[in-house]
Structure formats: C-alpha cells, structure tokens
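# A structural walkthrough
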Amino acid sequence: MDVIDLLIQQHREADALFEAFRNAQDDTSKKELCIQLAEALTLHDTIETRWIYPVARRVVGDDKINHSEEEHGEMRRLIADMLRSRNDANAMASKVGELEKLVKSHISDEEQNVLPQFGQKVTEKDIGMSCNDIVRTASDVRREEMSKLEGQATL
Ligand SMILES: [Fe+2]
Ligand SMILES: [Fe+2]
C-alpha cells in the first residue's frame, strides 16, 4: 500500500538526518539539521497518530498502539527540548542523541510489529483518505504543530 511505502520512506529520511547531524562539522549546519529533523518527525508523527494508529488498533491491538502513542508523546517532548537547546551546541547534540535513540528503537519495532500486519489487513478505504490527501493535510497540520513546539521552545 502507498501509505506504508510513504511511512517507511520517512523512517529512512529520519535515519539520514540523524546521520547528517552526527557528521555535521559546524554549528550552523547542526542547527539547520535540528529544524529539518523537527519538521520531518512532526509530519510523520501527525500522519501516524491521526490516520494510522486509530486503524492499526484494530489490527495489532490496543496494548501495542498505546505503547506506540506513548513513545510519540516522548518524541514530541524531546523535539521541543531539542528546539529549545539549539543555541547551545552541546545541549543540542545531547538532545539529538536522546531523540535518535528513541526514534531508532521505535522505528525498528514499528517496522517489525506494526507496519507488516497493517499493510496486510488494511486498505486505503479503511483509512478513509488517499495517500496524497493525507500528505497534503498533514503538511498543513505540521505548520501549526511546529509553531506550538516553537512556542514551547521559547518559554
Ligand atoms: Fe511511530
Ligand atoms: Fe513511524
């Protein structure tokens, strides 16, 4: 299904952004990558929590998805912390490190225990929206979510 390909592609983008952050040589590039990570992960979080997890509950069960949602909550807190610390290079690197650890383990679990089952049993009709519509709507939501995170970050 298209939407599963999209989610997996977004996981690989997150991996690539974390790797780029680890390899970045100067603070300006690191700050830029920190914003890109926040944007990419917020878009992904929006798609999964709004359209994927509610349907996935029926396929993989409440326990699994409650745990996934808790990890997304933790991820949102770390993204806000990361944005808040982006004028302090060491603090920012430490928050990105924490975020990378959480996201990598979440992604690996999701690709083994959620997405394959979801892909086998769910159709776009069950989700109620096409992949293109999901991306379009999620991009609008991301703008609002990012400004909320930025708001938290400047407190
Ligand atoms: Fe997820
Ligand atoms: Fe995901």
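The structure under discussion appears in the preceding block.
The structure reproduced in this document is the subject of the present report. Here the residue numbers are simple positions, counted from 1 along each chain's written sequence. Chains carry letters from A onward and ligands carry numbers from 1 onward, assigned in written order. The predicted nature of this model means local features are confined to residues of pLDDT at least 70 and side-chain atom pairs, given and counted, to a pLDDT of 80 or more, with totals for whole chains, interfaces and linings taken over all residues. In computing side-chain properties, one takes all heavy atoms of the structure into account and sets aside hydrogens as well as water.

### Describing the coordination of the iron ion (ligand 1)
Quick reminder of the rule: For Na, K and Ca the donor cut-off is 3.2 Å, while for other metals it is 2.8 Å, and in both cases only N, O and S atoms qualify; water is not among them, so sites may look incomplete. Runs of E in the DSSP output that reach at least two residues are strands. Runs of H or I that reach at least four are helices, and both are numbered from the N terminus. Only protein chains enter the accessibility calculation, which uses a 1.4 Å probe; a residue is then buried when its area is under 20% of its type maximum, exposed when over 50%, and partly exposed in between.
The protein atoms donating to the iron ion (ligand 1) are Glu-48 (OE), Tyr-53 (OH), His-72 (NE2), His-106 (NE2) and Glu-110 (OE), with metal-donor distances spanning 2.0 to 2.3 Å. Here the donor residues of the iron ion (ligand 1) are spaced in sequence according to E-x4-Y-x18-H-x33-H-x3-E. Separation of the iron ion (ligand 1) from the iron ion (ligand 2) amounts to 3.3 Å, with Glu-48 serving as a shared donor to the pair. Here the residue Tyr-53 occupies a position in helix H2 (residues 27-60), and His-106 occupies one in helix H4 (residues 89-113), the gap between them amounting to 53 residues. Residue Tyr-53 is classed as buried on the basis of its relative accessible area of 1%.

### What to know about empty space enclosed by the protein
Going by this rule: Site definitions follow a grid-based scheme: protein atoms alone, a 1 Å grid, a 1.4 Å probe that fits but cannot get out for cavities, and for pockets an open set with protein on both sides within 12 Å along at least five of seven lines, plus lining residues having an atom within 4 Å of a point. Grid points are joined across faces, edges and corners, and a volume is the space filled by probe spheres set on the points. Amino acid classes used here: Ala, Val, Leu, Ile, Met, Phe, Trp, Tyr, Cys and Pro are nonpolar; Asp, Glu, Lys and Arg are charged; the rest, including Gly, are polar.
Evaluated as defined, the whole model comprises 1 cavity of 30 Å³ or more. Estimates place the volume of the largest cavity at around 50 Å³. Around the largest cavity, the lining residues are His-11, Leu-41, His-44, Glu-48, His-72, Met-75, Val-103, His-106, Ile-107 and Glu-110. Contributing elements (two or more residues each) for the lining of the largest cavity: H2, helix H3 (62-84) and H4. Of all the elements, H4 adds the most residues to the lining of the largest cavity, at 4 residues. The class makeup of the residues in the lining of the largest cavity is 4 nonpolar, 4 polar and 2 charged.

### A closer look at the packing of H2 against H4
When two helices pack together, you describe them by how their axes are tilted relative to each other and by the distance separating the axes. Defined as follows: Angular values range over 0 to 180 degrees, each being the angle between N-to-C directions of two axes fitted as lines to C-alpha atoms, with helices fitted over their stretch in contact. Geometric relationships in this document are graded by angle, where less than 35 degrees denotes roughly parallel, more than 145 denotes roughly antiparallel, 65 to 115 denotes roughly perpendicular, and other angles denote oblique. Note on convention: near helix rotated counterclockwise from far helix by under a right angle means a left-handed crossing. Clockwise means right-handed. It only takes one pair of heavy atoms within 4.5 Å for two residues to be counted as in contact.
Taken N-terminus to C-terminus, the directions of H2 and H4 make an angle of 30°; their axes are 12 Å apart at the nearest point. Here H4 runs roughly parallel to H2, going by the angle between their axes. With respect to the hand of their crossing, H2 and H4 are arranged in left-handed fashion. Residue-level contacts link Asp-27, Lys-30, Lys-31, Cys-34, Leu-37, Leu-41, His-44, Glu-48, Tyr-53 and Val-60 of H2 to Ala-89, Met-92, Val-96, Leu-99, Val-103, His-106, Glu-110 and Asn-113 of H4. Residues that form the contact of H2 with H4 fall into these classes: 10 nonpolar, 3 polar and 5 charged.

### Details of the nonpolar core
Rules: Take the buried residues of types Ala, Val, Leu, Ile, Met, Phe, Trp, Tyr and Cys, join any two whose side-chain atoms come within 4.5 Å, and each joined set is a nonpolar core.
Counting 25 residues, the largest nonpolar core has Phe-18, Leu-41, Ile-79, Met-82 and Leu-99 as its most contacted members. Elements that contribute at least two residues to this core include exactly helix H1 (2-23), H2, H3, H4 and helix H7 (131-153). Of all hydrophobic cores here, the second largest spans 20 residues; its members include Leu-6, Ile-47, Val-55 and Phe-118.

### What to know about H2
This is how the line gets drawn: Multiplying one less than the number of residues by 1.5 Å gives the expected span of a helix. In this analysis the local bend is the angle between axes fitted, respectively, to the seven residues ending at and the seven residues starting at the residue. N or O atoms closer than or at 3.5 Å make up a polar contact, with two conditions inside protein: a donor-capable atom paired with an acceptor-capable one, and, for residues adjacent in sequence, both atoms drawn from side chains.
Over its 34 residues, H2 runs only 42 Å from end to end, short of the ideal 50 Å by more than 12%, given 1.5 Å per residue. Where H2 bends most, at Ile-52, the angle is about 50°, and the proline Pro-54 comes one to four residues later. Two or three places before Thr-28, at the opening of H2, Asp-26 has a side-chain oxygen 3.2 Å from that residue's backbone nitrogen. Just downstream of H2, Gly-61 is the residue with a positive phi angle, here 95°.

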